[in-house]
Amino acid sequence: MRAVSVAILLAFLGLNVLAGLLTAVPARAQETSKETSKDASPDASQAAPQNAPQDTPATTPQSCDVPDYLLSSESSLTKVADAVKSGHPLDILVVGSRSSTIPSLESAAYPARLQAMLKEKLPSVTVNVSVELQSKKTSEEVAAGFAKLMEDKKPTLVIWQTGTVDAMRSIDPDDFRTAVDDGVAAMQKAGTDVILMNLQYSPRTESMISAPPYLDNLRVVAQQYDVPLFDRFGIMHQWNDSGDFDFFSASHGLELVKRVHDCLGRALSKFVIDAAHLAPAQQN
């Protein structure tokens with residue numbers, strides 16, 4: 001029974017927060033059925049890495065304001081800074097889940113928007129953003145594959161989006177911290193910069209999962225290894241509280257989903273630029 005409950009909750013969160021805003025409730029049920037069918041295939045949990053699609057212009061968002069304190073970090077991205085200053089390609093790998101994508105619209109998802117924004121801000125630098133989907137995997141399961149993934153991809157920067165599956169499966173917070181610790185250590189040993197990205201915020205699931213222990217442990221590991229933490233949870237919470245987005249309603253359409261991803265991509269691009277301490281002259 002517990003496994004069934006976890007599976008239902010995974011599908012609920014994955015569809016209802018970002019991807020789930022795509023359709024109204026009746027269409028949502030149909031989409032959930034399709035996702036369940038796809039996830040049942042043998043390769044669903046080990047989807048092949050995919051390059052972020054070529055940049056597609058997005059509608060200028062009505063508001064993407066993020067308080068400065070949510071985009072500040074005392075940790076630095078030295079490998080990113082070195083790549084930009086030396087004129088080498090900036091290869092970024094996003095390790096995430098279904099909330100890293102928009103089905104059939106990858107060019108509008110936040111990794112592709114991040115790539116577009118960085119290319120705009122760093123016109124003299126070759127920027128490549130690729131995505132490694134790790135759907136329904138815990139942090140421990142993802143971390144176990146980092147050594148090989150780093151060897152194969154050799155990224156300048158890894159953005160590790162993690163915590164949601166662990167929270168929904170009620171993984172012991174101490175075990176979660178150990179797994180994230182091991183993952184960050186493996187990536188740093190391979191010589192790459194790391195950004196940790198925490199859970200997405202959803203008022204619809206606050207009573208179903210306890211996010212604070214996982215948010216706190218991600219913050220602890222980020223401080224321990226001196227890596228920047230992109231507070232996606234705090235940013236989305238701020239947008240919801242300020243009225244920029246309504247994450248509780250289930251009746252929003254595709255344009256809102258695209259706007260959320262565009263805003264995340266914009267915020268993340270600023271976060272990367274600032275953490276690399278790139279001066280305006282270096283950006284141009």
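Predicted model only: the values in this text are computed from it and were never measured.

**Re the overall build of the protein**
In step 1: Secondary structure summary: the protein contains twelve helices and six strands in total.
In step 2: For the protein, buried positions account for 52% of its 284 residues.
In step 3: Here the contacts in the protein between residues at least 6 apart in sequence split such that 83% fall between residues at least 24 apart.
In step 4: For the protein, the exposed surface amounts to about 12800 Å²; the carbon and sulfur share of it is 51%.

**Focus: the nonpolar core**
As a rule of thumb, soluble globular proteins bury nonpolar side chains together.
In step 1: One finds Leu118, Phe146, Ile159, Trp160, Leu196, Phe230 and Trp239 to be the most contacted residues of the largest nonpolar core, which totals 71 residues.
In step 2: Tallying contributions element by element places helix 11 (residues 254-275) first for this core, with ten residues.
In step 3: Excluding residues within four positions of it along the chain, Phe230 makes contact with Leu71, Ile195, Leu196, Met197, Asn198, Ile235, Leu264, Ala267, Leu268 and Phe271.

**Points about the pattern of salt bridges**
Pairing between side chains of opposite charge can happen when the charged atoms of each approach one another.
In step 1: Scanning all chains against the criterion turns up seven salt bridges.
In step 2: Salt-bridge contacts for Asp174 lead to Arg177; the nearest nitrogen and oxygen are separated by 3.3 Å. Here Asp174 pairs with Arg177, and both are found in helix 8 (residues 173-189), just three residues apart, close to one helical turn.
In step 3: Look at Asp174 and you get partly exposed, because its relative accessible area is 44%.
In step 4: Residues Asp262 and Arg266 are paired through a salt bridge, measuring 2.7 Å at the closest nitrogen-oxygen approach. With Asp262 and Arg266 both in helix 11, this residue pair falls four residues apart, about one helical turn.
In step 5: Among the ionic contacts, a cluster of salt bridges with common partners joins Arg113, Asp262 and Arg266.

**What to know about unusual backbone geometry**
When glycine is set aside, most residues are seen to have a negative phi, and most peptide bonds are trans.
In step 1: Notably, Lys136 is not glycine yet its phi reads approximately 65°, a positive angle.
In step 2: Structurally, the position occupied by Lys136 is in the loop between strand 3 (127-133) and helix 5 (139-143).
In step 3: Notably, Ser170 is not glycine yet its phi reads approximately 55°, a positive angle.

**Side note on a negative patch on the surface**
In step 1: Where like charges cluster on the molecular surface, the negative patch consists of Glu140, Glu141, Asp172, Asp175 and Asp182.
In step 2: Elements supplying a minimum of two residues to the negative patch: helix 5 and helix 8.
In step 3: If you trace the backbone, Glu141 turns up in helix 5.

**Examining helix 3 (residues 78-86)**
In step 1: Along helix 3, the residues classified as buried are Val80, Ala81, Ala83 and Val84. Seen along its axis, helix 3 keeps its buried residues to an arc of 165°; they face one direction.
In step 2: Two residues or fewer past helix 3, Gly87 is found with a positive phi of approximately 80°.

**Comments concerning the packing of aromatic side chains**
Two measures describe an aromatic ring pair: the distance that separates the ring centres and the angle between the ring planes.
In step 1: A complete count under the given rule lists five aromatic pairs for this structure.
In step 2: Seen in terms of ring centroids, Phe146 and Trp160 are 4.8 Å apart; in terms of plane orientation they differ by 85°. Their pairing is edge-to-face. In this pair, Phe146 sits in helix 6 (residues 146-153) while Trp160 sits in strand 4 (residues 157-161), placing the two residues 14 residues apart along the sequence. When sorted by exposure, Phe146 lands in the same class as Trp160, which is buried.
In step 3: Measuring from ring centre to ring centre gives 5.3 Å for Tyr201 and Phe233, while their planes differ by 85°; the resulting arrangement is edge-to-face. Note that Tyr201 is positioned in the loop between strand 5 (193-197) and helix 9 (212-225) and Phe233 in helix 10 (residues 232-242), a separation of 32 residues in sequence. The same class applies to Tyr201 and to Phe233, which are both buried.

**A look at the confidence of the model for the protein**
In step 1: Of the residues in the protein, 76% reach a pLDDT of 70 or more, and the chain-wide mean stands at 81.
In step 2: Every residue in residues 56-61 scores below 50 in pLDDT, and together they form ten contacts with partners more than four places removed in sequence or on other chains.

**What about the pairing of strand 4?**
In step 1: With respect to burial, strand 4 is a largely interior element, five of its five residues being buried.
In step 2: Burial along strand 4 is two-sided: Leu157, Ile159 and Gln161 and Val158 and Trp160, pointing in opposite directions, are all buried.
In step 3: Pairing analysis gives four bridges linking strand 2 (residues 90-96) to strand 4, with the strands arranged parallel. Of the residues in strand 4, the one forming a bridge with Ile92 is Leu157.
In step 4: The sheet contact formed by strand 4 and strand 5 spans five bridges and is parallel. From the neighbouring strand, Trp160 faces strand 5, where its bridge partner is Leu196.

**With respect to the packing of helix 8 against helix 9**
In step 1: Across the interface, helix 8 lies against helix 9 with an axial gap of 9 Å and an inter-helix angle of 35°. Handedness of the helix 8/helix 9 crossing: right-handed. Contact residues: helix 8 offers Pro173, Phe176, Arg177, Val180, Asp181, Val184, Ala185 and Gln188, while helix 9 offers Pro213, Tyr214, Asn217, Leu218, Val220, Val221, Gln224 and Tyr225.
In step 2: Looking at the contact of helix 8 with helix 9, its residues break down into eleven nonpolar, three polar and two charged.

Criteria and cut-off values
- Residues numbered from 1 in each chain as written.
- Predicted model: local features only at pLDDT ≥ 70, side-chain atom pairs only at ≥ 80, totals over all residues.
- Heavy atoms only, no water.
- Helix = DSSP H or I, 4+ residues; strand = E, 2+ residues; numbered from the N terminus.
- Buried < 20%, exposed > 50% of the residue type's maximum accessible area, 1.4 Å probe, protein only.
- Contact = heavy atoms within 4.5 Å.
- Areas by Shrake-Rupley, 256 points an atom, 1.4 Å probe, with all protein chains shown as cover.
- Core = buried A, V, L, I, M, F, W, Y, C linked by side-chain atoms within 4.5 Å.
- Salt bridge = Lys/Arg side-chain N within 4 Å of Asp/Glu carboxyl O.
- Patch = residues over 30% accessible without salt bridge, like charges linked within 9 Å, V, L, I, M, F, W, Y side chains within 5 Å.
- Lys, Arg positive; Asp, Glu negative; His and termini not counted.
- Charge placed at Lys NZ, Arg CZ, Asp CG, Glu CD.
- Arc of directions from axis to C-beta.
- Phe/Tyr/Trp six-rings, centres within 6.5 Å; stacked < 30°, edge-to-face > 60°.
- pLDDT = per-residue confidence, 0-100.
- Pairing = 2+ DSSP bridges.
- Axes fitted to C-alpha atoms, helices over the stretch in contact; angles between N-to-C directions.
- Left-handed = near helix turned anticlockwise from the far one by under 90°.
- Nonpolar A, V, L, I, M, F, W, Y, C, P; charged D, E, K, R; others polar.

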